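A structural walkthrough
The chain contents come next:
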Amino acid sequence: MIQMDRRKAEAAIEAILFAMGDAVETEKIAAAIEQDAETTEKLIRDLGDRYRQEDRGIELTELDGAWQLCTKKEFCECLIRLSKQPRKLVLTDVVMETLSIIAYKQPITKLEIEKIRGVKSDHAVNRLVEFNLITEMGRLDAPGRPILFGTTEEFLRHFGLHSLEDLPEVSTVQMEDFKAEAEEEIEAKVEV
């Protein structure tokens, strides 16, 4: 193997281990980089040695014939401090649309949200739960007992509201415009 090929093979190993996150068997890595297991193991060990020599923040760990890219233990406290920092709340248009449906229609099931939006809403609902803007408010007394969602106190704080009564009223003109827009979208989808 010439030097350039060696660097590319090491870079490929690094990419595989980074992307997988979990331990990957030597044979699987070898097949992915189109090398034999012995050559692959030597490449991995050399890569691990280089990490140690360069005093990097990551290391290669061998776990019963498999390899995993890990953070060095000495940086554990840095990771803990980072995880304790508040995350910036980024609400996409889809998430905001889902949140407004929940805010105005609560308590509401995911199926009802999807019926209004016309698309699956799993990701948006999960993000809102993760951001603590909505929560489960019980279950609907219907077949399957679907979960009912509603807004939280964090929702009120985040949007500067004292109560749900402070939500802006949707005017009947706006409501008609929304309905017309939705009907146009549905017609466009049907025509396609």
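Up top you'll find the structure we're talking about.
So, here is what we can say about the structure in this document.

Cut-offs and rules
- Residues numbered from 1 in each chain as written.
- Predicted model: local features only at pLDDT ≥ 70, side-chain atom pairs only at ≥ 80, totals over all residues.
- Heavy atoms only, no water.
- Axes fitted to C-alpha atoms, helices over the stretch in contact; angles between N-to-C directions.
- Helix = DSSP H or I, 4+ residues; strand = E, 2+ residues; numbered from the N terminus.
- Parallel < 35°, antiparallel > 145°, perpendicular 65-115°, else oblique.
- Left-handed = near helix turned anticlockwise from the far one by under 90°.
- Contact = heavy atoms within 4.5 Å.
- Nonpolar A, V, L, I, M, F, W, Y, C, P; charged D, E, K, R; others polar.
- Buried < 20%, exposed > 50% of the residue type's maximum accessible area, 1.4 Å probe, protein only.
- Pairing = 2+ DSSP bridges.
- Expected span 1.5 Å × (residues − 1).
- Arc of directions from axis to C-beta.

It is worth spelling out the packing of helix 5 (residues 93-105) against helix 6 (residues 110-117) at this point. Where helix 5 meets helix 6, the axes come as close as 10 Å, and the angle between the chain directions of the two elements is 120°. Judged by the inter-axis angle, helix 5 sits oblique to helix 6. As helix 5 runs across helix 6, the sense of the crossing is right-handed. When helix 5 is examined against helix 6, the residues Val94, Glu97, Thr98, Ile101, Ile102 and Lys105 are found in contact with a partner set consisting of Ile113, Ile116 and Arg117. Here the contact of helix 5 with helix 6 is composed, by residue class, of five nonpolar, one polar and three charged.

Relative to the assigned elements, Val125 resides in helix 7 (residues 122-130). By relative accessible area, Val125 is classed as buried at 1%. Sequence separation between Val125 and Ala15 is 110 residues; the distance between their C-alpha atoms is 32 Å. Once you skip the residues sitting within four places of it in the chain, Val125 turns out to touch Thr98, Lys110, Ile113, Ile134 and Phe149.

A few words now on the pairing of strand 3 (residues 66-71). The pairing of strand 1 (residues 24-25) with strand 3 spans two bridges and is antiparallel. If you follow Val24 over to strand 3, its bridge partner there is Trp67. Counting the residues in the hairpin turn of strand 2 (residues 58-63) and strand 3 gives two residues, including Asp64, whose phi is positive at 50°.

Glancing now at helix 3 (residues 37-53). In a regular helix each residue adds 1.5 Å, so 17 residues correspond to 24 Å; helix 3 covers 24 Å between its end C-alpha atoms and thus fits that length. Three or more residues of helix 3 are buried, namely Thr40, Leu43, Ile44, Leu47, Gly48 and Tyr51. Summarising the axial view, the buried residues of helix 3 lie within an arc of 135°, below the 170-degree limit, and thus occupy one face. In helix 3, the exposed residues that point more than 90 degrees away from the buried face are Glu38 and Gln53.

The two faces of the sheet receive side chains in turn, since in a regular strand these alternate between them. Inspection of the sheet shows strand 2 paired to strand 3 by six bridges, in the antiparallel sense. Bridge pairing links Glu59 to Cys70 in strand 3.

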